[in-house]
Amino acid sequence: MELKRFGDAIVHINLSTGDIETRPTPSDWTQKYIGARGLGVRYVLEAGPEVEALSPDNVLCFLNGPLSGSETSMSGRWACVTKSPLTGTVTDSHQGGWAGARLRWAGLDGLIFEGASDTPVYCFVDENGDVSIRDASDCWGLNIHATVEHFRDKYGKKNLSVNAIGIAGENEVRFAAWVNEDDRAFGRGGTGAVGGSKKLKAIVIRASRAKSQIDDPVAWKTVRREALDAIRDEKNLTSPKKGGLSVYGTNVLMNITNEIGALGTRNSQVTSFGERAEAVSGEFVEQNILVGDPTCHACPVACKKEVEIKEGPYKGLQMESVEYEPAWALGSNCDNDDVASIAKMIDQCNDLGMDPIELGNALSMWMEATDRGWLDGGGLAWGDTAAMVAAIEAIASREGDGAILAEGPARAAEKIGHGEIAMHVKGQALPAYDPRGLKGMGLGYATSNRGACHLRAYVAAAELGVVPIDANPLDWKGKGELVKAFQDLHAFSDSLDLCKFSAFAEDAELYAKQYATAMGVEISAEDVVRAGERIYNLERYYNNLAGFREGSDILPQRYLDEPSTMGGSKGHVSELDDMLAEYYAARGWKDGVVPEDKLRELGIL
Amino acid sequence: MQVNFYATLRPIVGGKTADVPFEPAEAGGLVRDLMIAIVSRWPDLREHIYDETGGLSRQVAIYVDGRNVRWLQGEDTVLKAHQKISIFPPVAGG
């Protein structure tokens, strides 16, 4: 089978009425917003910024980009875009594995769900692109691993991808996630809760590999080779079996952020885990519990790390993957240096369907509240792993205090009258880079359109020196322009949809060449950046309409007032106001609000 | 002097930490001298530490008490006894 041109096959599914209709995307939308993230935001805007996230009026978009599922390296990504029940902003989350590729191979570019079903349903996509909504009452109440097995029993394992929500999504936990058969997640922003509110249990796709329809196959093959050579270059951390990301996975970061004082510990009261970081690092995992390096579609890097726990209470657990973010969120952030328990808790998140970053922040906030005597009985002690494991089940089930924490750390902290101990931006919890030790990352969190996020602007690549841009992590000057540049570039790659890690080896010019030869469009590196800027402004426009206006781009006061305690950043705070002034000047925004002339200049209005 | 190595540098030096025959008080006590001592002991590290011009490579991050020498005085950064020295290859992720 040969794939159709991108944008022709978006399937709109109304779960209230059962209507299913395939409609092409308006051509100026794919021109302006490319696909995946950008296109999804445009559809979410169309639904209206005033909708309630967990109401039938919200739309839940699963979208490929023009390169998803093609032979392009690192193209095994697709996006889930919706209004977030966690933040109230637009949100997009991206998933690896094979599910997005299979949707493309079935001849479809996206699935957009609106309305809500009265009874549990799943969406089935067959080889030829036929879409049907089927009864899921016999798997409602199952967690994700069991749901995957349920559908494998029904349809066979071959060529099958299953995305599902677990009981966390069914219970509308505000940070519930969609997880696929490879334990890859649409992790952030609570997309799983939106699925639960629509009674949508799973998306099951059966499709075998298909070739891309390419505008200029000869030129495309050449630029694909150029991109692959860059990824394989031994100087890049993406180099298969040689680069740090490939050998150790994302958790190769643990020791360096610890060293520089950017590894939040005890709910970011401390900035380094000291000697204890080694026990939860990628190096330790590789030496002691690693058993496999699974990969995603068309990816030579294989950053996922499958582990097996060989002793202790979780002996026999085999899971993937001990990533840096959850290893931090459930590790130093909670004063926990037991990597086996971290693997167990990540596996719980994969099965129950929850974002481990949000979860770890909810637990660490609760631990600080306990420590300060602010809870009326109960609570959690720092590093009490057995209690953490139990709390995770309670959160997914919304039982006891779990019902409070299921609202996310920001709402939970407000509920106990201490909003100041929730480390969040716009309702979404902070990831694993302390803004006092990596100043640009802090600005990126504050100005992220989906709430605190490390992936909207991965300035750490510059601040840690892995891309050829000079950026002192402890100097705020110049970070405004730098964050904007990263945000715009990533907005484009998220819309293609290529893995974020491609940016360690590829640049705007290489993105432009791959897109141009595949799609038959004229596009330069400058156009790539311009398209990314347009997408970023579109998101900001949505958020402005949704009520996020002047003064919304903030960081928790802790990072502004409490100097770093340990590591290279000792004594530093985030100079957010200075960076914001630079950033808004670079963006042409007025205190976080996009002026109408900017929207017109970019062709959004 | 004790030096910490990370990620893909560890297999080259055979462990997490190594004692390098160098004391800061000797030979001016510069990062440059420490690197010479390190490469002398582990010649395979040369390609990781130096670029084609003989300067410090962008492929290495040398931290002195958690500060990258790139943002201090580079190879001319003066070392003192009991400082923590850590050397990383390119590492990032997400």
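Criteria and cut-off values
Residues numbered from 1 in each chain as written. Chains lettered and ligands numbered in written order. Predicted model: local features only at pLDDT ≥ 70, side-chain atom pairs only at ≥ 80, totals over all residues. Heavy atoms only, no water. Helix = DSSP H or I, 4+ residues; strand = E, 2+ residues; numbered from the N terminus. Buried < 20%, exposed > 50% of the residue type's maximum accessible area, 1.4 Å probe, protein only. Pairing = 2+ DSSP bridges. Contact = heavy atoms within 4.5 Å. Axes fitted to C-alpha atoms, helices over the stretch in contact; angles between N-to-C directions. Buried area = accessible area lost by both parts, 1.4 Å probe. Salt bridge = Lys/Arg side-chain N within 4 Å of Asp/Glu carboxyl O. Phe/Tyr/Trp six-rings, centres within 6.5 Å; stacked < 30°, edge-to-face > 60°. Lys NZ or Arg CZ within 6 Å of the ring centre and 35° of its normal. Domains from an automatic or database assignment.

## Points about unusual backbone geometry
Residues and elements named next belong to chain A.
- The residue after Glu 320, namely Ser 321, is reached through a cis peptide bond having omega 10 degrees.
- Relative to the helices and strands, Ser 321 is located in the loop between β15 (318–320) and α11 (324–329).
- Put simply, Leu 496 and Asp 497 share a cis peptide bond, and its omega is 10 degrees.
- Here Asp 497 is to be found in the loop between α19 (479–496) and α20 (508–519).
- Phi is positive for Ile 34, which is not a glycine, with a value near 70 degrees.
- When you line up the elements, Ile 34 lands in the loop between α1 (27–33) and α2 (36–47).
- The class of Ile 34 is buried, set by a relative accessible area of 2%.
- Residues other than glycine seldom take positive phi values, yet Asp 183 does so here, at roughly 60 degrees.
- With respect to the secondary-structure elements, Asp 183 resides in the loop between β10 (178–180) and β11 (185–186).
- For Asp 183, a relative accessible area of 16% corresponds to the buried category.

## A word on the sheet that holds strand β8 (residues 131–135) of chain A
Residue and element names in this part refer to chain A.
- The strand order β8-β7-β12-β9-β10-β11 describes an open sheet built from 6 strands, whose pairing is mixed. The open sheet terminates on both sides in strands that have one partner only, identified here as β8 and β11.
- Bridge count for strand β9 (residues 160–164) against strand β12 (residues 200–206) is 5 bridges, and the pairing is antiparallel. Across the sheet, Leu 160 pairs through a bridge with Arg 206, a residue of β12.
- On top of the sheet, helix α4 (residues 144–155) reaches β7 (121–125), β8, β9, β10 and β12; it is set at about 145 degrees to β9, its chief contact.

## As for the interface of chain B and chain A
- Listed per partner, the contact involves 22 residues of chain B and 38 residues of chain A.
- Interface area, chain B with chain A, both sides summed: about 2,400 Å², of which 54% is carbon and sulfur.
- For chain B, the biggest contributors to the area lost against chain A are Trp 71, Ala 92 and Gly 94 of chain B; these three give 26% of the whole.
- Where chain B meets chain A, there are 4 salt bridges.

## Concerning the sheet that holds β15 of chain A
Residue and element names in this part refer to chain A.
- An order of β13-β14-β15 is seen for the 3 strands of this open sheet, with the pairing classed as antiparallel. Each edge of the sheet is formed by a strand with only one pairing partner; in this case those strands are β13 (290–292) and β15. Averaged over all neighbouring strand pairs, the angle between strand axes comes to 40 degrees, with direction disregarded.
- In terms of strand pairing, strand β14 (residues 306–308) meets β15 through 3 bridges, oriented antiparallel. Its bridge partner lying in β15, Glu 308 is registered against Gln 318.
- Contacts from helix α12 (residues 339–352) reach β14 and β15 within the one sheet, and its direction differs from that of β15 by about 70 degrees.

## Digging into the packing of aromatic side chains
- Applying the stated rule across the entire model yields 21 aromatic pairs over all chains.
- On the numbers, 5.6 Å between centres and 15 degrees between planes, the contact of Phe 501 of chain A with Phe 504 of chain A is stacked.
- The exposure class of Phe 501 of chain A is buried, given its relative accessible area of 10%.
- Note on Phe 504 of chain A: relative accessible area 6%, which makes it buried.
- Both rings, one in Phe 5 of chain B and one in Trp 42 of chain B, keep their centres 5.6 Å apart while their planes meet at 70 degrees; by these two values the pair is edge-to-face. With a gap of 37 residues between them, Phe 5 of chain B in strand β1 (residues 2–5) and Trp 42 of chain B in the loop between α2 (31–41) and α3 (46–49) connect regions that are remote in the sequence. For the pair shown, Phe 5 of chain B and Trp 42 of chain B are each scored as buried.
- Site record: aromatic cluster; members linked through ring pairs are Phe 62, Trp 78, Phe 113, Trp 178 and Phe 186 of chain A.
- A cation over an aromatic ring shows up here: Lys 201 of chain A above the ring of Trp 140 of chain A, its NZ or CZ 5.9 Å from the ring centre.
- Cation over ring: Arg 224 of chain A sits above Trp 220 of chain A, and NZ or CZ is 4.5 Å from the ring centre.

## Section: the domain arrangement of chain A
Residue and element names in this part refer to chain A.
- One can read the domain layout of chain A as domain 1 (10–206), domain 2 (249–429) and domain 3 (439–554 + 575–601).
- The centre of domain 2, based on its C-alpha atoms, is set 27 Å off from the matching centre of domain 3.
- Counting residues at the interface gives 11 residues for domain 2, matched by 16 residues for domain 3.
- Buried area between domain 2 and domain 3, summed over both chains or domains, comes out near 1,000 Å², and the portion from carbon and sulfur atoms is 65%.
- Area buried by domain 2 at its contact with domain 3 is led by Val 425, Lys 426 and Gln 428, which between them contribute 56% of it.
- At the boundary of domain 2 with domain 3, the tally comes to 1 salt bridge.
- One salt bridge in this structure joins Asp 553 and Lys 426, with 2.8 Å as the shortest N-O distance.

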